[in-house]
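An overview of the molecular structure
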Amino acid sequence: MDTSAAGSGAVAERGEEYLTLDALCEIAKLLTGASDPIACMPAVFGVLGAFMGLRHGALALLQEGAQAETVRNARHVNPYVIAATASGVPPAGAQARAIPAQVARHVFRNGVSLVSCDILEEFGAEALPPGLGDSRQALVAVPIRDQANSPFVLGVLCAYRSLKDNGARYLDTDLRVLNMVAAVLEQSIRFRRLVARDRDRIVQEAREAIRVAAEATAGPPVEAPAEALEGVIGSSPAIQRVIGQIRKVAGTHTPVLLRGESGTGKEVFARALHALSERRDKAFIKVNCAALSQSLLESELFGHEKGSFTGAVQQKKGRFEMAEGGTLFLDEIGEISLEFQAKLLRILQEGEFERVGGTRTLRVDVRLVTATNKDLERAVANGTFRADLYFRICVVPIVLPPLRDRKEDIGLLAQGLLERFNKRNGMKKKLHPSAVAALAQCNFPGNVRELENCIARVAALSPETVIHADDLACHHDHCLSADLWRLQTGTASPVGGLAQGPLELPVLGSRPPAAAPGAPPPPPTVPSAPLDGEAAEREALIEAMERAGWVQAKAARLRGMTPRQIGYALKKYNIRVEKF
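The text that follows walks through the structure, step by step, so that each part is easy to find. Bear in mind the structure is a predicted one, so any value in this text is a computation, not a measurement.

Enumeration according to the criterion identifies 22 salt bridges in this entry. Its salt-bridge partner being Arg259, residue Glu377 comes within 2.8 Å of it at the nearest N-O pair. You can see Glu377 sitting in helix α14 (residues 376-382) and its partner Arg259 sitting in strand β6 (residues 256-259), a full 118 residues away along the chain. Here Arg259 falls in the buried class, since its relative accessible area comes to 1%. The closest approach of N and O atoms between Glu335 and Lys374, which form a salt bridge, is 3.4 Å. Linking Glu335 in the loop between β10 (327-331) and α13 (338-350) with Lys374 in the loop between β13 (367-372) and α14, this pair joins segments that are 39 residues apart in sequence.

Rendered as structure tokens:
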């Protein structure tokens, strides 16, 4: 007996096993971490080819509304589409040859795998994929079910194996591997559908909440500003609309996103929301997400176990635990990283988390209120903010008006801020009507925070008890806002702060930002000839592809489509994809 040959054969078998495990590991990474598993399939086929020698992989999926039983009866038009191949989505002419029609119908109809040891002999030359150097090919095709043990088949996954060099001996392994890939793909597709269904439900709830809030604010006036909300000062229509929305949503457990420029008082409104809710007797916990690094933020929100990292000398509860039964306010939510967004999404979806370094799963009941001054819609389109997290936190968006849109409140706010200054410093300063009138002329790009700074400065420096207009810094050409405006734009600002105001925060339904002072007017728009429906759609598709750098997945996000739909649209309008 040749023991050396037997030993080398065993080593070769072990090497093949390791390659198979490596392939499955890489494929699991691709599919479980992808927001669109279908778009990852060319990469999956690439792994199968590199590690196992499987070529010309293809994925067929039932068209929406089609049933598996209709596959058998279709003669000229297949009720399924080739969703992906090893080289991407195939052109229309090659679709039928990616998977032999007889093979696809068999798997769709019977729900069982099919292995053909010689595709040329069994199905003919027309069943071979184009571009083959060797016509002796085996084929392995497996079903992708709607869910485990379900008779309904929603897709077929197949790949080809060359029969050269006794390639048939690998077919058993190929069948097992493709079944495993189909199982992982099935889970990924199901999760994607659940997220889409959850997103649609959340969007519908948000629309209903906004509608109810709008109806409430359109009715009788709300209470007097002095009694309206704890800590909120103002009687302007803009602030009354916000108060009406806060009052309406406070009695629910719905997540709220406070949007507005920096300094508009987002924390004040978050506290007022908590004070009006059923959770008023529990804790109100706040966290500034922009002030902490990702690692510190994770420890701060979730807590950590003793010894989980250097300096963790004892167990520490996180802010979610501290806010149990109460309200957690996450300020600057738009600043967190993509990696941490995924961790935050889990606790928002399931109410479960583990401390850093811990293994025990904890559950919490927390009302989440978030705030941002960033354009989250643009961040989602650019891929810097997760769409699923956006839909979780932006259930009821409430836009806080800037101070320049509620100038009638400046007098009340200035008086309230001066009273706070007097209480802290043991003084009895007062505002003269001329000072109040001068303050009302300012636009305050820093909003209430800047107004507070202005009041504290003039109260500390004014020589008399009564503060007049001449005591204000803007009357001595020392306005910090004017200086900041001059440094940013290179132009002088009128006395009394920023007459034009800063660029507005681009939020839902906002108007475009105003042009900077002194800037030339935009060129007149030349009306173009109207486009018909298909021409307009083609132009919009080209524009989205150009904005996305001709990356189909990014263009799909911009257009609100799936990468598969983008691929179909490119073929439909005969748009040539640029390669860079």
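Assignment of secondary structure puts Arg386 in the loop between α14 and α15 (387-393). When the C-alpha atoms of Arg386 and Ser337 are compared, they prove to be 9.7 Å apart, with 49 residues separating the residues in sequence. Sequence-distant contacts of Arg386, that is, excluding residues within four places in its chain, are made with Leu338, Gln341, Ala342, Leu345 and Val380. A polar side-chain atom of Arg386 sits 2.7 Å from a polar atom in the side chain of Asp388.

Soluble globular proteins tend to bury their nonpolar side chains together. One finds Met41, Leu48, Leu59 and Leu157 to be the most contacted residues of the largest nonpolar core, which totals 32 residues. Listed by contribution, the elements that provide at least two residues to this core are α1 (3-32), α2 (41-52), β1 (55-62), β2 (80-85), β4 (137-145), β5 (153-162) and α7 (171-217). The leading source of residues in this core is α7, at seven residues. In contact with Met41, not counting residues within four places along its chain, are Leu31, Leu59, Ala84, Leu157 and Leu185. Counting residues in hydrophobic clusters, the runner-up holds 29 residues, among them Leu257, Leu330, Leu368 and Leu376.

So, about the sheet that holds strand β14 (residues 396-399). In spatial order, the strands read β7-β10-β13-β6-β14; together these five strands make up an open sheet with parallel pairing. Each having just a single partner strand, β7 (284-288) and β14 make up the two edges of the open sheet. This sheet shows a mean twist of 20° between the axes of neighbouring strands, independent of strand direction. Where β10 lies against β13, four bridges are found, and the strand directions are parallel. What sits directly across from Thr327, in β13, is Arg367.

Pairing within the open sheet is antiparallel, and its five strands lie in the order β2-β1-β5-β4-β3. The open sheet has two edge strands, β2 and β3 (114-116), and neither has a second partner. Here the average twist between neighbouring strands, direction ignored, is 20°. Taken together, the five bridges between β1 and β5 define a ladder with antiparallel strand orientation.

As a packed pair, helix α16 (residues 410-425) and helix α17 (residues 433-440) sit with axes 9 Å apart at the nearest point and diverge in direction by 120°. As the angle between them shows, α16 and α17 are arranged oblique. Of the two elements, α16 crosses α17, and the hand of that crossing is right-handed. In this structure, α16 uses Ile410, Gly411, Ala414 and Gln415 to contact α17, whose residues at the interface are Val436, Leu439 and Ala440. Looking at the contact of α16 with α17 residue by residue, the classes come out as five nonpolar, two polar and no charged.

Once that is clear, we can look at the packing of aromatic side chains. Applying the stated criterion across every chain yields a total of seven aromatic pairs. Arranged with centres 5.8 Å apart and planes meeting at 25°, the rings of Phe302 and Phe340 form a pair that is stacked. Within this pair, whereas Phe302 is found in helix α11 (residues 294-302), its partner Phe340 is found in helix α13, the two being separated by 38 residues in sequence. Between Phe320 and Phe353 the ring centres are 6.3 Å apart and the planes differ by 40°, which places this aromatic pair in the tilted class. Within this pair, whereas Phe320 is found in helix α12 (residues 319-322), its partner Phe353 is found in strand β11 (residues 352-353), the two being separated by 33 residues in sequence. Here the two residues Phe320 and Phe353 agree in accessibility, since each one is buried. Here the aromatic cluster, defined as three or more aromatic residues joined through ring pairs, consists of Phe302, Phe320, Phe340 and Phe353.

Of all residues except glycine, most have a negative phi; of all peptide bonds, most are trans. The phi dihedral of Glu332 is positive, around 55°, even though this residue is not glycine. Note on placement: Glu332 falls in the loop between β10 and α13. Assessed through its relative accessible area of 16%, Glu332 is described here as buried. One non-glycine residue, Asn447, lies in positive phi territory at about 60°. Among the structural elements, Asn447 can be located in helix α18 (residues 447-461).

What counts as what
Residues numbered from 1 in each chain as written. Predicted model: local features only at pLDDT ≥ 70, side-chain atom pairs only at ≥ 80, totals over all residues. Heavy atoms only, no water. Salt bridge = Lys/Arg side-chain N within 4 Å of Asp/Glu carboxyl O. Helix = DSSP H or I, 4+ residues; strand = E, 2+ residues; numbered from the N terminus. Buried < 20%, exposed > 50% of the residue type's maximum accessible area, 1.4 Å probe, protein only. Contact = heavy atoms within 4.5 Å. Polar contact = N/O pair within 3.5 Å; in protein donor to acceptor, adjacent residues only side chain to side chain. Core = buried A, V, L, I, M, F, W, Y, C linked by side-chain atoms within 4.5 Å. Pairing = 2+ DSSP bridges. Axes fitted to C-alpha atoms, helices over the stretch in contact; angles between N-to-C directions. Parallel < 35°, antiparallel > 145°, perpendicular 65-115°, else oblique. Left-handed = near helix turned anticlockwise from the far one by under 90°. Nonpolar A, V, L, I, M, F, W, Y, C, P; charged D, E, K, R; others polar. Phe/Tyr/Trp six-rings, centres within 6.5 Å; stacked < 30°, edge-to-face > 60°.

Geometric values such as these leave the question of function open.
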